[in-house]
Structures are given as structure tokens and as C-alpha cells.
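# An overview of the molecular structure
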Protein chains: 2
Amino acid sequence: MSDPLVVFTPSGKRGHFPVGTPILTAARQLGVDLDSVCGGRGICSKCQITPGVGEFSKHGVTVAPDALSKWNSVEQRYKDKRGLIDGRRLGCQATVQGDVVVDVPPESQVHKQVVRKAASARPITMDPATRLYFVEVVEPDMHEPSGDLERLKRALKKQWGLTDLFADLTVMRKLQTALRKGQWSVTVAVHSALHDDRPRIIDVWPGYFEGPLYGLAIDLGSTTIAAHLCSLTDGDVVASSGVMNPQIRFGEDLMSRVSYAMMNPGGDAEMTAAVRASINGLTEAIATDAMIDPKDIVECVFVCNPVMHHLLLGIDPVELGQAPFALATSEAVELPAAELDLNSMHDSARIFLLPCIAGHVGADAAAVALSEAPDQSDELVLVVDVGTNAEILLGNTTKVLACSSPTGPAFEGAQISSGQRAAPGAIERIEIDPTTKEPRFQVIGCDLWSDDPAFAAATAQTGITGICGSGIIEAVAEMRMAGLLDPSGLIGSAAQTGTERSIPDGRTHSYLIYDGTDQDGPRITVTQGDIRAIQLAKSALYAGARLLMDEMGVDTVDKVTLAGAFGAHISPKHAMVLGMIPDATLENVTSAGNAAGHGARIALCNRTQRAGISKTVRAIEKVETAIEPKFQEHFVNANAIPHATDPFPHLATIAPLPDVNFNTGSGGEGGGRRRRRRA
Amino acid sequence: MSDPLVVFTPSGKRGHFPVGTPILTAARQLGVDLDSVCGGRGICSKCQITPGVGEFSKHGVTVAPDALSKWNSVEQRYKDKRGLIDGRRLGCQATVQGDVVVDVPPESQVHKQVVRKAASARPITMDPATRLYFVEVVEPDMHEPSGDLERLKRALKKQWGLTDLFADLTVMRKLQTALRKGQWSVTVAVHSALHDDRPRIIDVWPGYFEGPLYGLAIDLGSTTIAAHLCSLTDGDVVASSGVMNPQIRFGEDLMSRVSYAMMNPGGDAEMTAAVRASINGLTEAIATDAMIDPKDIVECVFVCNPVMHHLLLGIDPVELGQAPFALATSEAVELPAAELDLNSMHDSARIFLLPCIAGHVGADAAAVALSEAPDQSDELVLVVDVGTNAEILLGNTTKVLACSSPTGPAFEGAQISSGQRAAPGAIERIEIDPTTKEPRFQVIGCDLWSDDPAFAAATAQTGITGICGSGIIEAVAEMRMAGLLDPSGLIGSAAQTGTERSIPDGRTHSYLIYDGTDQDGPRITVTQGDIRAIQLAKSALYAGARLLMDEMGVDTVDKVTLAGAFGAHISPKHAMVLGMIPDATLENVTSAGNAAGHGARIALCNRTQRAGISKTVRAIEKVETAIEPKFQEHFVNANAIPHATDPFPHLATIAPLPDVNFNTGSGGEGGGRRRRRRA
């Protein structure tokens, strides 16, 4: 009689094994993705499986109730102490006694997929660079002298197949105590990148250490620094946090920071120190939020534009301020966190910076490429990552083009009179009645609209404090749809618009959204200057996209993906009304959320993707907006807030756009903008 | 007609090359060892060659006067500026015009041999881990965006065949400025160890940087720290210096330092900080001596015993103080100098610690193995490295055994009443007239003997300050030969020895070598305590050697090599009279000088040897003296200062040893020593 058959689901892998073979052993021999940290010692419980009983016609197996060995004391002890779902067994304890079908639940897979939060987010398969291994080490013997480290390495080779390991000095220093305290068993954290460096043991704990270890995915933007703290076991985001980039005091946009470095000796070092201190603070804050020790953060992935990339590394960004915009290094950079003075996290934490695509197209664009994968799309997709610099990708499986466009910080609520960053109390949605010209709005932290009777009470705590990036985009688009703005971007007077909310403001007009002055609150308006700032920003964005379409030789795209730290909050309809993006049917415009941040998280959780991005990046064709005359042309042409006509035929299906003209031709701002710019 | 023949001497390599081929190109194609840093651009002059003219019957070539291209302006400019030996040409400028014989002088070879200073020192072939490369880098192009670092790497691959390079962060930070200052040519220093780590660019200079770069070979002893500063171009020792190990204040011998670490929380960190600070000071002092910038020191090799090894790395040595004497790590350790706070040298300097053989047999023994290579000797050779711990190796091509023996610091002049370290003014040689029992001596810094009329004047400056290690060994041996000591080590009284220099000293006697008290100088005697300290030290040494001989199953050895920081100064004759070493004919006992230090220098200059020592060390069989009962037996038996009989038959041919016995049997020290030890 042949050995019993073991069938694993969901993989379908199967094989015959002698009676008494542990399920974990069978799984390993068949290459089934069944996790284990303790190597089958009944300690870690990562190898939980669910045996089936009965008829499995699909697999041609009938499983008897005694197909596995009896529930044993190790399993009972684990269940008593830590709990175990009914029907589950430990794969290292249950042994084969007869034909059996064994299901590996998702959480027992090494390469488990991270649960998708947003429908649009691409799933992440766990394969982090840093993993824990429990190992039993041979005791020292005077007659066979070898170092404790060498015996640890031999054990890791024998028990886990890990070879060619390198140990950090801190590990050499802690190892002897840990081995003796753990009675010759320890858990080590091994960082193993998929490139040519040797895998390194970065930490050691006595006995079995459960973890989890954590990683940070940081989107280091010009204006904001956003961080996700992720478990490296299951990829869960356990906390998210953000701070303003402290470099703003040296210059709001990137070029002014480059100028600061050029004009002030030591200026770049000053900015480097500021951003590193801020990241240390953010690391501590996010760890406090999640109630973990920041020293359990062993990895940190950064995505950022080239100037932030250089300033983080302590490289003078001066070359990025002038043609040919030479990067100091374009490849991915991996180094110890300590070399960047990022001392809040684990002492041996490793930093990974995604590669830069070009002098103006950074690691953030690479992260967007990783997240949105235009190179894997059959349809021609335009990905627009909105920020102080917009990263724009256009492509499909055939070819991907990339550029960066200097939109400025208006989309992030900066340079806007009532602007603020996205935080409770900020107006994020707005509607203007086309007849009455009266607005209603929602603020962050409250689901009610402002015309709801319960709104005042519901927002009493946060107040109504300003307008965030997505709010100002909606406000401008709604003003245009309500006939408060003409296509040139001019706000009409009360007489022209028929609403007292259009109030004189110097030589121009503002639109009053909210007046809280009677309760010591702010007076929130959209000024003519705000409109101009948004026009400049959206023109830059649109011009970048058009430039890529020219390069690609197309007039339309199949899909538009809006991304960015606040990309999830931009309404596709309003973006189209504003003319931020090229014309498309509304159903083909989607929001991807923070694609750069998501790309950072992918790189954090999956070292194969991390290694692959360098190859992807090298295949992307870069288009340099700064030296392309067509970019200027598109920029100027894109200034208007469009009519529902060419090049925006789809606009007509979305919104009626009143054909108004508030330019009186007699001084004022109307028509004078271009003259002023020339002055 | 075939292409001209080019023959290189001394290698004899030959080949035909088209007219116009530069000699450097021909050399490279044939694999001739001809140096070049600038890659053939007429800048570095490393490729100097000497063409022959006339009949070369050995090679079957007749060389015409015009066999090479004419002397050119590049060569003339170099000669005017830097000088060039008559007859020399630059291999990158001189091209093949006819059959030619070209000699590569030693200094133009990449793998040049270091000139041997001592006849006994094994020659070193240069192959340092860190080398300079001059390289021309393509300028950046906006349409082909790539980082400056990536273009540098491409250039290094194309021009030097270097692949898979890694750049230190400091290099990324300096690169852009260097490239532009050097007009797109730079010199880089690449550290390339022969193991699995990627070669790393550790520094960059604009244009052509000649070097040289330097390395430190440090023998980190329990009592003294000795350093050689070597050029990494030609291996020359440009300066040597030493300091006392500051850890002496925590304990004179290793075990008392281990105890200090065990008894005092933070005690190990204190000792680590002390030794690192001392090495930083030594680095600066030696650089000042050599008039170089300490930041040009890019490598540092350490040899040391296991306790010093751990304390240098910041590892608590407690495990080394108790069986089974487990090392934290036994393999070679390579890491950045900065990780050890060795900040005086280059910021990216790399440290290499030789592997330890066992818990009591350290990297210093490995270095002795590298220097003396017993594993390559057909004769059975005993290598004794004398220090506070003696490292002892016994072996030949078949097998090598090693042990360490705790001799204590007596051989280094410590624990000796008039002892001092080897410095000007210290007595280093001594003779005692067997008839008159009068001594004469030499001091360090003066070649005259003390009975020379000019001696007083010649030593007026240094004075006569004490006795160093080699001096005390000679003193004790001479006292035995002159009948002042009996075989048990007892100093006779004036009545017994017939000299007033034998003076009462408590219950025992001392021998007066020098009395300088009338000139406010010291009174230098050899006390009974000094004799006992030397007896303990030499017994430990002898017992270790005997133990290895037992293990090897031999009663005699073919050769004895005395090594150690002061090994070169030990007189083989006196060592034999003392019974420090097993019996051998005098001509087979030689001094090797500082073998551990020489081994460190070999590892510094030659990365192949560095890589090979790990393999050699693994093949060495370790013998643990601390747990071997035979060691104690040998130790007790070796206490006497021997008669010229078994086991020392060769002694009879060296020196008559008077058969005296000063033990009166009535109290005093004689015969009472063992009782006192038991008390």
C-alpha cells in the first residue's frame, strides 16, 4: 500500500508522505506557502492549518476522521495560552496518518496578501526584506572552538537554509548574552535585500520573539511628509501620520530651496538637518499613536522628488536647479538609517530610497509607477500624481513616458487665502446652487452638509477653519458652473453675478463661502488671487499631461487616474470642469488615492517589487518639461477654465458651463492679468 | 611580414603586436604585471618601462634603436616636472615599432614585492584592498538622464573592468563637485576585499590624485599597542610607533581585565573606550611622525588576543574568562572604522581584524601563522610569540597545532623590580664574568658596553633607567651561568657566591647590577622576586611548547623561532639557558622579530593573504592549556633553571652550568617557595 496522499488547498499541491510526517514538513517538501518562524517547534503557531474531513470529490480523496494524528499537548497548551480557532491544527504537530486534504488559511501563508482597503489599491503580497527566524544553536565546545556567531550562522544555514550571512556589530555584542539567556535558542531578524549585498543579521532576542517588526513607508513631499507604519508580518497599516515639511521656511517650492542652498553657505546642511529631525519626530509620534516601541521599526522606505531625495541624503541639490539637472545618483539607494541620523527607529534599521527617474522626475514618480503599474496596462492610462510637483505618467504595456510639472503648492491649500492642509474643520467639498449662487459645503470630520440643521452642532468642536486642496478645486469648478467665474477666470461683480456673495476686494472681487466672524470664526472667501493660483497650477498639470500625449502621438487617453496625497479626495468631475486633466468620459477618470505612498508601502512589504522597480524605471522614457518649448505653449493655452467644447467635448455631458464674460475692458483685473505678468 | 615581437622581462611573456601598439596595451593583453593608475593617459607615470637595445640571444631577438616610437612631449613634460630615470620610458606613450625587449622594473609592477628589511621577514607582495583609479566620466545629458554616480560606475566598468560597485554616502555627497572641478575626470579609491561584499568607492578626488593612501598595521597587545604606518602603494613602513595599553590600569593581565568587566557594571565599556581613544591618539601621533594627514589612512588591520579583540569591538569579554571560553565571533571581522569610533583616520576607513583561532588563541596567533607560515614548512617548526600571553605554534606542512600560554607581563619588563619597557636607557644586554661575578651591560640607545671608558659620557643623556624584557632574560641566564643562581632559582648569599654584589634583601638576596644612587640614579638589582616572576613566565612558555610537542607526539623539533614585539631582541642562547624553549642546537633557534606585527602588515598589503588566513586558521588544531592537566605538570616540572642534561642535551654545547645549591634547608626562601604558594 502506498503512503498516504496529502492535498493542500488552495494551492492544489499534492504528494504522498510516510505515516508520521508532520504537515509542515510535507508542505515544505511540496513548496506549499506555509509560514513558520520557529521552524516546527510548536512555538510560533504561524503554521496553522485546517484539515478537512469527508469526501473531496474535486481532489478524489476521502478523508477519514483520523487522517491526522491526535490533538496533542503542544496544541492544547498553545490553545489555552493564546487561543486557536476551532478546527485549526498546528502544521508542525499534526502528522499524516491517512489521505488528507489540508487547507492553508490566508494568515498562515508566508506570502499572504495584504487585505485591500480601497478597491482601487493594488494588492500587496507580503515578502518583506526583514524576517524573524527562531533557531537553536549548538553550545560551545572547548575542543571544537568556534565563535558563538559562527555556530549561530551554521544553525541558520542548517535550519533555515540561510547562507553567507553578515552580522551587525550590535548583534555580535548582544549575541552571547541572548544565547545564554535563551538557553541556546534565539530569534534573529535578518535583512535580506534582493541585490548583491549579503543578508545581514540586524538583531537578536533570547528564545522565541514573536514580533511583529514594523516598517515605515514615507512619502516625503515638498509640503507635507506623510508616513504609514506597517506591520512587516501582515502588511497592515497600524498608524498613519503626517507633518508639514519644515523646509517650507527655507522656500515654499523646490526651486526656492535650491536657491537657498546656493545663496547660503551651509544652507543645504541646514535643510537636511531640519527634514531629518522632522522625520525622527514623526517616527516617534507614529510609534506613540500605534503604542509600539519605535525601536521595533526596522525598515523605512522613502519616496520623494529629486530635490527632497538629495536633501534627505545630505547632497547639495544645486545641480538640480540648472540644466542638465544632473542627479548625484539615480539608482535606488539602500543604507543604514544611522547614516542619515534617523536615530528614533531601530539602531540597525535600513533605509530604502526608490530610484529617481530623472532630474525632475523623482522616486515619487517611481513609486506611482510601482503602485499604478501603467507598464502593465493594455489601455493607455494617464496617471497624475498631484502635489507641489505633479508626477505624470502616460503609457501602456508598449511604452511608458514620465514627466514632472511644477504645479506649486496651491493644490495642497498653500498660497490660497483661506487655504489650509487637510485636517478636521477644513472645507473639502462644496456645491454652489446655479440659481441662487448659494454655497453648501462639508468639512473634514463631519459627514453632514452645511445646510443640514444639525451641522452647526456637529462641527462645534472642530469649527470651520479654512479650505483644503480638494475643497478649493471644487470651489473654483463650482463657481465656474454657477456662472460666478468667466472662462478667463475672472470673478464677476455682484451686479454681474446677481449675488451679494460676490464682494469687492480691492480692484477685483471675491466669493464669500462662509462668514464666521460673528462667532469669532474666520471669513472664508475665494479671492481672485486664489483663482489665479489654481489656474497656474492646473495649467502646469494639464500642460505636462498634454506634452506626454504629444510625445506619445495621441489626442486622447483611455483612462485617467488621479493620485496624490489628497488624490483620493479630488472629485473627477470638478477636475474636468477645471481643465486639470485632458478630456475623458467621467467613468474613465478615477481616484487612486496616495499612489506614491501606496508605492512606498509596496516596496516596504515586497522586496521583489522593490528590486523590480529599478528595472521598470530604467524602461521609462523621461520628458523634460523645463526645456521643452511645447510645454510653455500648452501652459499658456491651458490657462482658461474651459468651455464644453474642443478640446473638452466630454465636458458637455457633465456640466453646463455658462457662457459669461466679466471682462469690462476698463482696467480692473479682467484682461489685465497677462499685462501684469509681463511687468 | 608578421607584426613585431614584444618580449617582457622579467616575466618572459611575449606576443606579436601591430606597429603603433602602446607598450601598456601590449602588457595588459599579455597579462604582464605593469601598473597604471591613470589608465594610459600619461598622467600617473606608474607604467615606467626600460626598453633594451641590441642582441638578446636568450629571447632570440635583436632590438633596433628605433624599436619603440620616439620620446614624446608627454614623456618630456613628465621628466621635466617629476623626473624620470635615464633610459626609462612611459609604457602608455612608447609604442611598438619593431621587435623589442621591454623590462618592467620592480617599482612598476602592480604586485611589487616589499623590500625586505630583515633577512628573516617573509616578503610581501603588494595587493592591497584599497586602490586608486583615475577615470574619465561622460557628462550628463538631459535626454539620457542618469545620475553622476551611475555614469562614474559605467566609466569604472569600461575603463577598469570594475563591476558591482557600491558607493559610500560620503562619496555620493562629494561626487558632483569633484566631477565638475576635475572637468569630468576624477580619481576614486575603491576598497575591494576578496569576500562577498561588493567593492565600495570610499573616496573621490577631482582630476588625478596621486596618493599614496596609507594603512595601519596594529599589534594590539595586552601591555603595548604597536603600530606600523605603511604606504599602500609600495608597502613601505613610513613610521612606527607604540604606546602602553591604557587598559593596564584596569588590570595588568587579561584575566584581571575580564574580572574587572565582571565586577564593575559598564567596566567593559570603560576599557573599550580607553583602548579606542588610545588608538586614535596613536593614529594621530604616527601620522604626525610621518608628516601625513591621518585622513589618508584608509585601512587598519588589527592583530590581538581574544580579550583585546572583544574589548576593541565593544563585546563584553566575560565568556572568555570561564570555560568553555566561547568567543563571540571567531571569523575575521571587517567593518567601518567609524563603528569603532576610530575617527582619526579616513571617515570611510575600513577595519580588518584577523580571525581568532580559539578562546585563548587569538588573531595575534593567526598573524604569527601568516608571518611564519609553519603550515608551509617541511621541517617541524616551533614558533613562540613572546608577550604577556605567549602564542605558540608547532607544525609543518602536515599539521599545525596552536596554543596560548599565560606567561604574564614579566617578559615585557612589568612585575620586575627594576623593569621598564624597551626605551633608551633600559639595560637590554648583560654579561656576568663567571670568575669575578662582575656584570657589564649595554643600554638601548648606545652601542658601547658599560665597561667602555666612553660609556658614561655616551649614556649621560638617557641615563641608565632600568631593565627591559630582553635584559632581564639575559640577566637571569647569566646569573645562572656565573653560579649566582642555583637550578632551583635561588640567589646565593655573598658567602655562597663570593661576591659583594649578592646583597641581603629581606629573607632573600638580590644581585646588584648597577648602583647610580650617588648620581641620583637608580639602583638596579635582580631580586629573588624577579627570578621567581621570570621562572613562572618561562615555565608557562615552556609548558605550552611541550604540550604541543606531546600532542604532536614528538620529543624534539627541527627549528625554533622566537617572535614577539621584543622577540628580535631575545638572545637564543640565553633563552635556552633559561629553559624558555625546548632543547635545540643553537643554530636552529632564530629570532623572527615582531611576527604578529609582520603578519598584520602582510594582511594590510595583500588581500589574498588576508582572505587565505581564515582558511589557514580553520585548519589549525587548537590545544587548550587551561583545561589540560599535562600543562600543569609541564609547568611545575619546568620551574627549574635547567642543568645541561636531559631534556636539554644541547645546553652543554652552549654554556657550562655550575652545579650549585644555595638551599640551606633552614628557613629563608630556599625550599620554602612551594609552601608559600600553597599558603
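Residues numbered from 1 in each chain as written. Chains lettered and ligands numbered in written order. Predicted model: local features only at pLDDT ≥ 70, side-chain atom pairs only at ≥ 80, totals over all residues.

### Quick notes on the overall build of chain A
Tallying secondary structure elements over chain A gives 18 helices and 29 strands in all. Taking 2.2 N^0.38 as the reference for a compact globule, 679 residues should give roughly 26 Å; the C-alpha atoms of chain A span a radius of gyration of 29 Å, in line with that estimate. By its C-alpha atoms, chain A is 100 × 65 × 55 Å across when sized along the principal axes. Scored against the burial criterion, the 679 residues of chain A give a buried share of 52%. By sequence separation, contacts in chain A at least 24 residues apart represent 68% of the contacts at least 6 residues apart. (Helix = DSSP H or I, 4+ residues; strand = E, 2+ residues; numbered from the N terminus. Rg over C-alpha atoms; globule rule 2.2 N^0.38 Å. Buried ≥ 20, exposed ≤ 12 C-beta atoms within 10 Å, placed from the backbone. Contact = placed C-beta atoms within 7 Å.)

### Notes on the domain arrangement of chain A
All names here are of chain A. In terms of domains, chain A is made up of domain 1 (5-108), domain 2 (130-206) and domain 3 (214-353). One C-alpha centre belongs to domain 2, the other to domain 3; they are set 31 Å apart. On the side of domain 3, 8 residues touch domain 2, which itself brings 8 residues to the contact. Of the residues in the side of domain 2 that touches domain 3, the class split is 3 nonpolar, 3 polar and 2 charged. (Domains from an automatic or database assignment. Nonpolar A, V, L, I, M, F, W, Y, C, P; charged D, E, K, R; others polar.)

### What to know about the sheet that holds strand E16 (residues 333-336) of chain B
All names here are of chain B. With mixed pairing, 6 strands are arranged side by side in an open sheet as E14-E13-E12-E15-E17-E16. Every interior strand has two partners, whereas the edge strands, strand E14 (237-244) and E16, have only one. When strand polarity is set aside, the average angle formed by the axes of neighbouring strands in this sheet is 20°. In the sheet, strand E12 (residues 214-220) pairs with strand E15 (residues 297-304) via 7 bridges, with the strands oriented parallel. Bridging across to E15, Leu220 finds its partner in Cys304. (Pairing = 2+ DSSP bridges. Axes fitted to C-alpha atoms, helices over the stretch in contact; angles between N-to-C directions.)

### Focus on the relation of the copies chain B and chain A
Mapping chain B onto chain A is achieved by rotating through 179° and translating by 0.0 Å along the same axis, at an RMSD of 0.2 Å. Classification of the inter-copy transformation places it as that of a two-fold axis. In terms of C-alpha distance to the rotation axis, chain B has Asp197(B) as its closest residue, with the C-alpha 3.0 Å off the axis. Counting the interface residues of chain B, we find that 100% of their copies in chain A are interface residues as well, pointing to one common contact surface. (Least-squares fit on C-alpha atoms with pLDDT ≥ 70 in both.)

### Regarding the interface of chain B and chain A
How big an interface is tends to be stated in terms of the accessible area lost upon association of its parts. Across the contact, 38 residues belong to chain B and 38 residues belong to chain A. Of all the elements in the fold, those that place two or more residues in the side of chain B that touches chain A are helix H3 (148-160) and helix H4 (169-181) of chain B. No other element matches H4(B), which puts 5 residues into the side of chain B that touches chain A. The class makeup of the residues in the side of chain B that touches chain A is 18 nonpolar, 7 polar and 13 charged.

### Some points on unusual backbone geometry
Between Thr9(B) and the following residue, Pro10(B), the backbone shows a cis peptide bond with an omega angle of 5°. For Ser45(A), which is not glycine, the phi torsion reads 65° and is therefore positive. Considering the arrangement of structural elements, one finds Ser45(A) in the loop between helix H1 (23-30) and strand E3 (48-51). The phi dihedral of Ala373(B) falls on the positive side, at around 45°, and the residue is not glycine. Among the secondary structure elements, Ala373(B) is positioned in the loop between helix H8 (363-372) and strand E18 (381-386). A count of 20 C-beta atoms within 10 Å places Ala373(B) in the buried class.

### A short note on the nonpolar core
Judged by nonpolar contacts, the single largest core of 353 residues is most densely connected at Val384(A) and Val384(B). With residues up to four places along the chain from it excluded, the contact list for Val384(A) reads Ala390(A), Ile392(A), Leu541(A), Ala545(A), Val560(A), Leu562(A), Ala563(A) and Ile581(A). (Core = buried A, V, L, I, M, F, W, Y, C linked by C-beta atoms within 7 Å.)

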